[in-house]
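For reference, the chains in residue letters:
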Amino acid sequence: MVINGNVWPSEDDLPGFFNEIKEYYGEVLHLARHMFRLFALSLNLPEDHFDAMCTHPGGIARLMYYPPAKDPTPLDANHKDVEIGLGAHSDYECFTVLLSSSAAGLEILSPDNVWTPAPPVDGSFIINVADFMMRWTNGVYKSTVHRVVNRTTKERYSVPFFFSVNYDQLVEVGKVSIKHYDMHLTSVP
Ligand SMILES: O=C(O)CCC(=O)C(=O)O
Ligand SMILES: [Fe+2]
């Protein structure tokens, strides 16, 4: 449900901003729908399995800004990070298409609980599996715990695009029916 629409800066204040964002949103939405086809194939489902569930999908693009670090410190297990830009979390939709920032800062928690940098790679996207996909696939896909710490003296920008099926889509995990945003834990078969 959309309660309020987006509030856009005026064209005078930020010329071209609305059109650039709109164009990016259209392209990344297209890519996300394509990614869902790859997820389907990887799960031994027909390629178009998710198509009808993504006719008016949840898709939120967020523009992130991380100021330069005042006290740049390397990633070090013995050092307590004080300048965390975005604390440890997993995303909660199906998956996130993350446009790599030109500056480093994204860190992924490895399965053995070690923070590991995910440095930007020019012209690439990072795909983070999110909680809904993990629940839906009964843990076949696992959501990625990640955080952002800008350890550089550069400003950092990034654009995550959080993607989901239609918010009114009924989905099933094994024999358990769940509704979006009304999830319960299910046992792994
Ligand atoms: O800025 C980034 O690279 C990641 C952003 C993020 O994880 C989020 O907004 O959920
Ligand atoms: Fe995130």
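Residues numbered from 1 in each chain as written. Chains lettered and ligands numbered in written order. Predicted model: local features only at pLDDT ≥ 70, side-chain atom pairs only at ≥ 80, totals over all residues. Heavy atoms only, no water.

### A word on the site of ligand 1
(1) Moving on: Close to ligand 1 lie 13 residues; Tyr66, His89, His146, Arg156 and Ser158 are nearest.
(2) Moving on: Within the contact set of ligand 1, an oxygen atom lies 2.7 Å away from a side-chain nitrogen or oxygen of Tyr66.
(3) Moving on: Summarising the interface, the protein chains cover 98% of the accessible area of ligand 1, which totals 300 Å² for the free molecule.
(4) Moving on: Counting only elements with at least two residues in the shell around ligand 1, the list comes to strand S2 (64–66), strand S3 (86–89), strand S8 (146–148) and strand S9 (156–166). (Near = heavy atom within 4 Å. Polar contact = N/O pair within 3.5 Å; in protein donor to acceptor, adjacent residues only side chain to side chain. Areas by Shrake-Rupley, 256 points an atom, 1.4 Å probe, with all protein chains shown as cover. Helix = DSSP H or I, 4+ residues; strand = E, 2+ residues; numbered from the N terminus.)

### Quick word on the coordination of the iron ion (ligand 2)
(1) Moving on: Of the protein atoms, only His89 (NE2), Asp91 (OD) and His146 (NE2) coordinate the iron ion (ligand 2), at distances of 2.1 to 2.2 Å.
(2) Moving on: Spacing between the donor residues of the iron ion (ligand 2) along the chain follows H-x1-D-x54-H. Residue His89 is located in strand S3, and its partner His146 is located in strand S8; the two are separated by 57 residues in the primary sequence.
(3) Moving on: We classify His89 as partly exposed; its relative accessible area is 23%. (Donors = N, O, S within 2.8 Å, 3.2 Å for Na, K, Ca; no water. Buried < 20%, exposed > 50% of the residue type's maximum accessible area, 1.4 Å probe, protein only.)

### Side note on the confidence of the model for the chain
The predicted coordinates ought not to be read in detail in places where the model reports low pLDDT.
(1) Moving on: With 87% of its residues at a pLDDT of at least 70, the chain reaches an overall mean of 85.
(2) Moving on: The low-confidence segment residues 175–189 (pLDDT under 50) makes 30 contacts with residues lying over four places distant or belonging to another chain.
(3) Moving on: Overall fold confidence for the complex sits at a pTM of 0.86, while the interface term, ipTM, reaches 0.98. (pLDDT = per-residue confidence, 0-100. Contact = heavy atoms within 4.5 Å.)

### Section: the pairing of strand S4 (residues 95–99)
In the case of a regular strand, side chains alternate between the two sheet surfaces.
(1) Moving on: Of all 5 residues in S4, 4 are buried; the element is thus mostly enclosed.
(2) Moving on: Bridge count for S4 against strand S7 (residues 125–129) is 5 bridges, and the pairing is antiparallel. Bridge pairing in S7 places Leu99 opposite Phe125.
(3) Moving on: Two elements, S4 and S9, share 5 bridges in a ladder whose sense is antiparallel. Bridging from a neighbouring strand, Leu98 pairs with Pro160 of S9. (Pairing = 2+ DSSP bridges.)

### Some words on the packing of aromatic side chains
(1) Moving on: Under the counting rule described, the total for this entry stands at 14 aromatic pairs.
(2) Moving on: For the pair Phe39 and Tyr141, a centre-to-centre distance of 4.9 Å together with 70° between the ring planes defines the contact as edge-to-face. With Phe39 in helix H1 (residues 17–42) and Tyr141 in the loop between helix H2 (131–136) and S8, this pair connects stretches of sequence that are 102 residues apart.
(3) Moving on: Taking the relative accessible area as the measure of exposure, Phe39 reaches 5% and is therefore buried.
(4) Moving on: Look at Tyr141 and you get partly exposed, because its relative accessible area is 23%.
(5) Moving on: Residues Phe161 and Phe163 carry aromatic rings whose centres are separated by 6.0 Å and whose planes lie at 25° to one another, so their mutual orientation is stacked.
(6) Moving on: Note on Phe163: relative accessible area 0%, which makes it buried. (Phe/Tyr/Trp six-rings, centres within 6.5 Å; stacked < 30°, edge-to-face > 60°.)

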